[in-house]
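Analysis of the macromolecular model
Spelled out from the first residue to the last, the chains are:
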Amino acid sequence: MFIEPLVSIIPGSTAVITQINAMGPASVAWYAVPSLLLLAGHRRQKAAVTALLDAALLNVRVTMYNGTAL
């Protein structure tokens, strides 16, 4: 999912890396929660900006989890 050698030097990140790489429900949560927070943070922007961000995040989500057991 990401460049593991760069992230694995953070203490305690091993469990999170394992959950994200498993591409299961925990991985979806690790993607969905920050995405929703990002959208909430941009709620005062113009509607077009929020719609483009929403479309980009949805596109990443669909391509990332396409073909998995979920």
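Check the entry above for the structure.
Bear in mind the structure is a predicted one, so any value in this text is a computation, not a measurement.

Rules behind the numbers
Residues numbered from 1 in each chain as written. Predicted model: local features only at pLDDT ≥ 70, side-chain atom pairs only at ≥ 80, totals over all residues. Heavy atoms only, no water. Helix = DSSP H or I, 4+ residues; strand = E, 2+ residues; numbered from the N terminus. Rg over C-alpha atoms; globule rule 2.2 N^0.38 Å. Buried < 20%, exposed > 50% of the residue type's maximum accessible area, 1.4 Å probe, protein only. Contact = heavy atoms within 4.5 Å. Areas by Shrake-Rupley, 256 points an atom, 1.4 Å probe, with all protein chains shown as cover. Core = buried A, V, L, I, M, F, W, Y, C linked by side-chain atoms within 4.5 Å. Axes fitted to C-alpha atoms, helices over the stretch in contact; angles between N-to-C directions. Parallel < 35°, antiparallel > 145°, perpendicular 65-115°, else oblique. Nonpolar A, V, L, I, M, F, W, Y, C, P; charged D, E, K, R; others polar.

Of regular secondary structure, the protein chain possesses four helices and zero strands. When its helices and strands are written in sequence order, the protein chain yields α-α-α-α. Radius of gyration (C-alpha) of the protein chain: 14 Å, far over the 11 Å computed for a compact globule of 70 residues. Along the three orthogonal principal directions, the C-alpha set of the protein chain runs to about 40 × 30 × 15 Å. Here the protein chain holds 70 residues, and the buried ones make up 17% of them. A fraction of 38% describes how many contacts in the protein chain between residues 6 or more apart in sequence connect residues 24 or more apart. Of the roughly 5,200 Å² of accessible surface on the protein chain, a fraction of 69% belongs to carbon and sulfur atoms.

In this section: the nonpolar core. In terms of nonpolar packing, the biggest core is built from six residues, these being Met23, Tyr31, Leu39, Leu57, Met64 and Tyr65. Elements with a minimum of two residues in this core: helix 3 (25-41) and helix 4 (47-64). Tyr31 has contacts with Leu57, Val60, Arg61, Met64 and Tyr65, leaving out every residue within four places of it along the chain.

The next subject is the packing of helix 2 (residues 14-21) against helix 3. Their axes nearest at 6 Å, the elements helix 2 and helix 3 cross at an angle of 105 degrees. Looking at the two axes, helix 2 sits roughly perpendicular to helix 3. Residues Val16, Gln19 and Ile20 of helix 2 lie in contact with helix 3, whose contacting residues are Ala26, Ser27 and Trp30. The residue inventory of the contact of helix 2 with helix 3, partitioned by class, reads four nonpolar, two polar and no charged.

Turning next to the packing of helix 3 against helix 4. Between helix 3 and helix 4, the shortest axis-to-axis distance is 10 Å and the interhelical angle comes to 170 degrees. In terms of orientation, helix 3 lies roughly antiparallel with respect to helix 4. On helix 4, the residues touching Tyr31, Ser35, Leu38 and Leu39 of helix 3 are Thr50, Leu53, Asp54, Leu57, Val60, Arg61 and Met64. Along the lines of polarity and charge, the residues of the contact of helix 3 with helix 4 split into seven nonpolar, two polar and two charged.

The subject of this paragraph is the environment of Thr50. When you line up the elements, Thr50 lands in helix 4. In sequence terms Thr50 and Val60 are 10 residues apart; their C-alpha atoms lie 15 Å from each other. Beyond its immediate stretch of four places on either side in the chain, Thr50 contacts Leu39, His42 and Gln45.

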